[in-house]
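A look at the structure
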Amino acid sequence: HSPREIDWLIGESRGGGLLRKDEQRRLRRALRLEQRRVRDVMTPRSEVVTVPADAPLDEAARLLGASAFTRLPVVEEGGLDHTVGLLHARDLALR
């Protein structure tokens, strides 16, 4: 089937009560993925929020809270070129 036909089937399934609205939205987004490139959804390097590896946990929490992201690169001196890990908000919340 073509993407257009699949989209029609998704709409019909939603209209017939076979899909919830959130399921319909997810499926339609998946169809559009093949039409988009990584460049369309990536965060430009100049906009990446990082957290220093030696930052206190409260500072890391502040950075996470102020950003739109749930994961931040952890960097040594030198910034993104010296990334040593990734901080996930979930991991911080569990500490």
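Check the entry above for the structure.
Described in the following lines is the structure provided in the data block. (Residues numbered from 1 in each chain as written. Predicted model: local features only at pLDDT ≥ 70, side-chain atom pairs only at ≥ 80, totals over all residues. Heavy atoms only, no water.)

A closer look at the sheet that holds strand 3 (residues 83-88)
For clarity, the cut-off: Strand pairing follows a simple DSSP-based rule, namely that at least 2 bridges must link the two strands. In DSSP terms, a helix is any run of H or I states spanning at least four residues, a strand is any run of E spanning at least two, and both are numbered starting from the N terminus.
Ordered in space as 1-2-3, the three strands form an open sheet in which the pairing is mixed. On the outer flanks of this sheet lie strand 1 (51-52) and strand 3, each paired with one strand and no other.

Focus: the nonpolar core
Put simply, the rule reads: Only buried residues count toward a nonpolar core, which is a set of Ala, Val, Leu, Ile, Met, Phe, Trp, Tyr and Cys residues joined through side-chain atoms within 4.5 Å. Here's how the labels work: a residue is buried when its accessible area is under 20% of the maximum for its type, exposed when over 50%, partly exposed in between, all with a 1.4 Å probe on protein chains only.
Within the largest apolar cluster, nine residues are counted, these being Val51, Ala55, Ala60, Leu63, Leu64, Leu72, Val74, Leu87 and Leu92. Every element with two or more residues in this core is listed here: helix 4 (57-66) and strand 2 (71-75). The leading source of residues in this core is helix 4, at three residues.

As for the pattern of salt bridges
Formally: A pairing counts as a salt bridge when a side-chain nitrogen of Lys or Arg comes within 4 Å of a carboxyl oxygen of Asp or Glu.
Counted by the stated rule, this structure contains seven salt bridges. Between Arg28 and Asp7 there is a salt bridge, and its shortest N-O distance comes to 2.6 Å. Of this pair, Arg28 sits in helix 2 (residues 21-33) while Asp7 sits in helix 1 (residues 3-15), placing them 21 residues apart in sequence. What emerges from the salt-bridge pattern is a single network uniting Arg20, Asp22, Glu23 and Arg26.

Side note on the environment of Asp7
Counted only if it meets this: Residue contacts are defined here by distance: any two heavy atoms, one from each residue, within 4.5 Å place the two residues in contact.
A relative accessible area of 29% places Asp7 in the partly exposed class. Remark: the alpha-carbon pair of Asp7 and Leu87, spanning 80 residues in sequence, is separated by 37 Å. Those residues within four positions of Asp7 in sequence are excluded, and the remaining contacts are Arg28 and Leu31.

Some details on the side chain of His88
Selection criterion: Polar contact criterion, stated in full: a pair of N or O atoms within 3.5 Å, where within protein one must be able to donate a hydrogen and the other to accept it, and residues adjacent in sequence count only if both atoms are side-chain atoms.
Turning to its location among the elements, His88 is positioned in strand 3. A polar contact is formed between the side chain of His88 and the side chain of Arg71, at a distance of 3.2 Å. The residues contacting His88, other than those within four sequence positions of it, are Thr70 and Arg71.

As for helix 1
Within an α-helix, residues lying three or four positions from one another point in the same direction, as the helix has 3.6 residues per turn. The condition that has to hold: Residue count minus one, scaled by 1.5 Å, sets the expected span of a helix.
Taking 1.5 Å as the rise per residue, helix 1 with 13 residues should run 18 Å; its terminal C-alpha atoms sit 18 Å apart, in good agreement. Phi turns positive, to about 85 degrees, at Gly17, one or two residues after helix 1.

Examining a positive patch on the surface
Put simply, the test is: Here, patches come from residues exposed beyond 30% relative accessible area and free of salt bridges, joined within 9 Å for like charges and within 5 Å for nonpolar side chains (Val, Leu, Ile, Met, Phe, Trp, Tyr). Residue-level accessible areas treat just the shown protein chains as cover; the underlying method is Shrake-Rupley with a 1.4 Å probe. The convention is simple: Lys and Arg are positive, Asp and Glu are negative, and His and the chain ends are not counted. To locate a charge, take atom NZ for lysine, CZ for arginine, CG for aspartate or CD for glutamate.
Taken together, the side chains of Arg14, Lys21, Arg25, Arg29, Arg32 and Arg36 present a region of like positive charge at the surface. Sorting elements by how many residues they give to the positive patch places helix 2 first, with four residues. Looking at the element boundaries, Arg32 is found in helix 2.

Quick word on helix 4
The following threshold applies: This arc is built from the directions going out from the helix axis to the C-beta atoms.
For helix 4, the set of buried residues is Ala60, Leu63 and Leu64. For helix 4, the buried positions fall inside an angular range of 100 degrees around the axis, keeping them on one side. Opposite the packed face of helix 4, turned more than 90 degrees from it, sit the exposed residues Asp58, Gly65 and Ala66.

Digging into the pairing of strand 2
Working note: regular strand, side chains alternate between the two faces of the sheet. Burial analysis of strand 2 places four of its five residues in the buried class, the great majority of the element. In terms of strand pairing, strand 1 meets strand 2 through two bridges, oriented parallel. Residue Pro52 lies in a different strand from strand 2, and its bridge partner there is Val75. Relative to strand 3, strand 2 runs antiparallel, the two being bridged by five bridges. Bridged to Val74 within strand 3 is Gly85.

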